[in-house]
Amino acid sequence: MRVLVVEDQHRLGQFLLQGLSECNYTVNWVKNCAQATDALAESAFEVVVLDLGLPDGDGLDMLSKWREARFNEPVLILSARDTLADRIRGLDQGADDYLQKPFSLEELLARIRALVRRQSTKKQTVLNHSGIQLDLLGHTVTVDGELRDLTSREYSLLEIFMQNHGRVLSRTLIAEKIWSSNSFVDTNLLEVYMSRLRNKLEAPCGKVFFKTVRGVGYKMV
């Protein structure tokens, strides 16, 4: 399981990196808002552990922007801001949990496990967006009620977009999800699959579902 730790204090960051890694989590530790946003654009994470007092901005403001961009992964705030008003504001801004500093590693791990369990029970079996319906159990796709025949790779590609519609997905992130190996994937290959998906979904109904974000990746609109 991949965990993103956003913490600018070096000693605490090292502690979290070591503690989570020893529990077999794959940890990416970043120290500011810019690095956190870049990390989310490049990779997928099951949980984000977020400090609020960051050197280049406030973690709450960044979290609010993530939620507006339809980033739905669980976020656990880890902060020294310990008043009731702070906790309420954090949860209202989009956090899934709030743990005050100082804290025990055992409690942090328990809260992470709880978030992952909660997230797994939330997953929908049917995804809908702009007339597209993707049935995760039946492995079928319809557009305005008409069945579309997709290959397994095209289906997986569409599933990623349906789960993240409105969010810009980098080519690296898409490749990590579609091709399970860590080997380099030619950008041209991804473009071929995107072209096929567009032809099968957009062309028959005259709608536009995907937008190319120059120099970054793609977005489902």
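Here the structure is a predicted model, which means the values were calculated and not measured.

Peer 1: Explain the packing of helix α6 (residues 152-163) against helix α7 (residues 171-178) to me, using residue names and the numbers behind them.
Peer 2: Close contact between α6 and α7 brings their axes to 10 Å; oriented N to C, the two are set at 130°. Considering the angle they form, α6 stands oblique to α7. Considering the relative orientation of α6 and α7, their crossing is right-handed. Of the residues in α7, those touching α6 at R153, S156, L157, I160 and F161 are I174, K177 and I178. Across the contact of α6 with α7, the residue classes break down as 5 nonpolar, 1 polar and 2 charged.

Peer 1: Tell me about the confidence of the model for the protein chain, and please be specific about residues and values.
Peer 2: Detailed reading of predicted coordinates is not advised where the pLDDT is low. Mean pLDDT over the protein chain stands at 90; residues scoring 70 or higher make up 94%. Considering each helix and strand of the protein chain separately, the mean pLDDT is smallest for α7, with a value of 82, and largest for strand β3 (residues 47-50), with 97.

Peer 1: With reference to specific residues and values, describe the side chain of E7.
Peer 2: For E7, the location among the structural elements is in the loop between β1 (2-6) and α1 (10-22). Separated by 2.9 Å, the side chain of E7 and the backbone nitrogen of Q9 make a polar contact. For E7, the residues in contact, after removing those within four places along its chain, are L12, G13, W29, V30, K31, D51 and K101.

Peer 1: Tell me what's going on with the pairing of strand β2 (residues 26-30), and back it up with residues and numbers.
Peer 2: Two strands pair when backbone bridges link them, and β1 and β2 are joined in this way by 5 bridges, in the parallel orientation. Note on β2: the bridge partner recorded for V5 is W29. The parallel pair β1 and β2 is bridged by α1, and the resulting crossover is right-handed.

Peer 1: Would you mind going over helix α2 (residues 33-42) in detail, with residue names and values included?
Peer 2: Turning to α2, its buried residues number three or more, namely C33, A36, A39 and L40. Down the axis of α2, the sector holding all buried residues measures 125°, keeping them to one side. Among the residues of α2, the N-terminal cap falls to N32, whose side-chain oxygen and the backbone nitrogen of A34 are separated by 3.2 Å.

Peer 1: How would you summarise the environment of N72 if you had to cite specific residues and measurements?
Peer 2: Relative to the helices and strands, N72 is located in the loop between α3 (59-68) and β6 (75-79). A sequence separation of 32 residues divides N72 from S104, and the C-alpha atoms of the two residues are 26 Å apart. Those residues in contact with N72 that lie beyond four places of it in its chain are R67, Q119 and Q163.

Peer 1: Pulling in residues and values, what's your account of the pairing of strand β10 (residues 140-143)?
Peer 2: Here 4 bridges tie strand β9 (residues 132-135) to β10, and the two strands are oriented antiparallel to one another. Its bridge partner being in β10, Q133 is matched across the sheet by T142. In this antiparallel pair of consecutive strands, β9 and β10, the connection spans 4 residues, and H139 shows a positive phi of 60°. Judged from the 3 bridges that link them, β10 and strand β11 (residues 146-148) form a sheet pairing that is antiparallel. Note that in β11 the partner of T142 across the bridge is L147. Here β10 folds back onto β11 in antiparallel fashion, the turn holding 2 residues, of which D144 has a positive phi close to 55°.

Peer 1: Account for the nonpolar core, naming residues and giving values.
Peer 2: The tendency in soluble globular proteins is for nonpolar side chains to be buried as a group. If you look at the biggest cluster of nonpolar residues, it comprises 28 residues, and the most contacted ones within it are I132, L157, L158, F161, L201 and F210. The set of elements that each furnish at least two residues to this core consists of β9, β10, α6, α7, α8 (187-201) and β14 (217-220). By residue number, the principal contributor to this core is α6, which donates 6 residues. Beyond its immediate stretch of four places on either side in the chain, L158 contacts I132, L134, V141, L150, L197, L201, F210 and M220. Ranked by size, the runner-up nonpolar core spans 21 residues in total, among them V6, A36, A39 and W66.

What counts, and at which threshold
Residues numbered from 1 in each chain as written. Predicted model: local features only at pLDDT ≥ 70, side-chain atom pairs only at ≥ 80, totals over all residues. Heavy atoms only, no water. Axes fitted to C-alpha atoms, helices over the stretch in contact; angles between N-to-C directions. Helix = DSSP H or I, 4+ residues; strand = E, 2+ residues; numbered from the N terminus. Parallel < 35°, antiparallel > 145°, perpendicular 65-115°, else oblique. Left-handed = near helix turned anticlockwise from the far one by under 90°. Contact = heavy atoms within 4.5 Å. Nonpolar A, V, L, I, M, F, W, Y, C, P; charged D, E, K, R; others polar. pLDDT = per-residue confidence, 0-100. Polar contact = N/O pair within 3.5 Å; in protein donor to acceptor, adjacent residues only side chain to side chain. Pairing = 2+ DSSP bridges. Right-handed = clockwise from strand over helix to strand, strands pointing away. Buried < 20%, exposed > 50% of the residue type's maximum accessible area, 1.4 Å probe, protein only. Arc of directions from axis to C-beta. Core = buried A, V, L, I, M, F, W, Y, C linked by side-chain atoms within 4.5 Å.

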